[in-house]
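Coordinate analysis (summary)
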Amino acid sequence: GIHGMVGRWPAGCNEGSGRSQLQRASGDAMNEVPAARWTLDVVVDVRTLSAAQAQSVRHGGFISSAACFDERAFGISAAEAGAIDPQQRLLSEYGYVSLHASGCRRVALMGGGCGVFLGIERPDWALVQPPASRTTVYAVTGDNVSVAAGRLSFLLGLQGPCASVDTACASALVALHSGSNAVQRGECADAVALAVSLKLAP
C-alpha cells in the first residue's frame, strides 16, 4: 500500500494537497515565465513567431523557488549545493518528506534496505550554467541522472536497490511500477518512488 505521498506542483500547491488544491485554486497553474528562469525576448526572436505562438511561449507551469534548498539539513556544503541540479534538490527534500510522512524517521532509515526508484529526464541544468561552473569538483555529480536516485540513498543511508529511469513522459509511471515490483518480489521491504521534471532552459 501507499504509506506517504507528497508533491510539488505549479501555482504554489505543495505537500499532499496535490490536484484537489490545484483545482480549487483561482485561475490555473499556467503563468508567465518567471524572470528567474529566462527572459523570453533575449532567447527567442518573438518577431518571427505567429501571434498564437508568441502568446503561448510566454506561459507555462512553473514551480516557484525551485532552486531553494536547505543544504544544512542534509550536511551538504554551500559549494556543493550550488552545483546540484534543482531537480536533485527537490528530490532530496521531498523524498525525505514522503518517507517522514509515512512514519519513517531518519535514524531508523539509516542502514535500512529501503529502495529508491526515480523517474527523471535528462536535466538541462548544465546548459544554463556559465562555463566556469563546470570546473568545480561537484559538476560531474551535480546534474547526472544516474547519480540523482543515489543521492537520496546516500543522504539517508538507504541500502536498498536504487535506480534512475528515463522513459520520457512515462518516467514517473515506470519508477512507481519498478518500486512496486521490487517490493512484491522481496528485493526490498519498502520503496520510495519519485519523479521530477523541471525545464530550466527555454
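Located above this text is the structure these notes cover.
Heads up: these notes are all about the structure in this document. On a predicted model such as this, the values are computed, not experimentally measured, just so you know.

**A look at the side chain of Ser92**
With respect to the element layout, Ser92 can be found in helix H5 (residues 86–101). On the basis of relative accessible area, Ser92 is assigned to the buried category, the value being 2%. Apart from the residues lying within four places of it in its own chain, the contact partners of Ser92 are Phe69, Phe74, Arg151, Leu152 and Leu155.

**Side note on the packing of H5 against helix H8 (residues 145–156)**
If you want to describe how two helices pack, look at the angle between their axes and the distance between the axes. In the contact formed by H5 and H8, the axes pass within 9 Å of each other and the chain directions differ by 50°. In terms of axis orientation, H5 runs oblique to H8. H8 is crossed by H5, and the crossing has right-handed handedness. Facing Gln88, Leu91, Ser92, Gly95, Tyr96 and Leu99 of H5, the residues of H8 in contact are Ala148, Arg151, Leu152, Leu155 and Leu156. By residue class, the composition of the contact of H5 with H8 is 7 nonpolar, 3 polar and 1 charged.

**Brief notes about unusual backbone geometry**
For Ala168, which is not a glycine, the phi torsion comes out positive at approximately 55°. Inspection of the secondary structure assignment puts Ala168 in the loop between strand S6 (162–165) and helix H9 (171–184).

**Section: the sheet that holds strand S5 (residues 115–120)**
The strands making up a sheet associate through backbone hydrogen bonding, with each pair oriented either parallel or antiparallel. Reading across the sheet, the 3 strands line up as S6-S5-S7 and stay open at both edges, with parallel pairing between neighbours. In this open sheet, the two strands that pair with only one neighbour each are S6 and strand S7 (191–196). Across this sheet, the average inter-strand angle for adjacent strands is 15°, counted without regard to direction. Sheet topology note: the S5/S6 ladder contains 4 bridges and is parallel. Residue pairing for S6: Leu118 is matched across the bridge by Ser164. Packing against the sheet, H8 makes contact with S5, S6 and S7, and its axis sits at approximately 145° to S6. Set on the sheet, H9 makes contact with S5, S6 and S7; between it and S5 the angle comes to about 165°.

Criteria and cut-off values
- Residues numbered from 1 in each chain as written.
- Predicted model: local features only at pLDDT ≥ 70, side-chain atom pairs only at ≥ 80, totals over all residues.
- Heavy atoms only, no water.
- Helix = DSSP H or I, 4+ residues; strand = E, 2+ residues; numbered from the N terminus.
- Buried < 20%, exposed > 50% of the residue type's maximum accessible area, 1.4 Å probe, protein only.
- Contact = heavy atoms within 4.5 Å.
- Axes fitted to C-alpha atoms, helices over the stretch in contact; angles between N-to-C directions.
- Parallel < 35°, antiparallel > 145°, perpendicular 65-115°, else oblique.
- Left-handed = near helix turned anticlockwise from the far one by under 90°.
- Nonpolar A, V, L, I, M, F, W, Y, C, P; charged D, E, K, R; others polar.
- Pairing = 2+ DSSP bridges.

The quantities given are spatial measurements derived from coordinates; they are silent on function.
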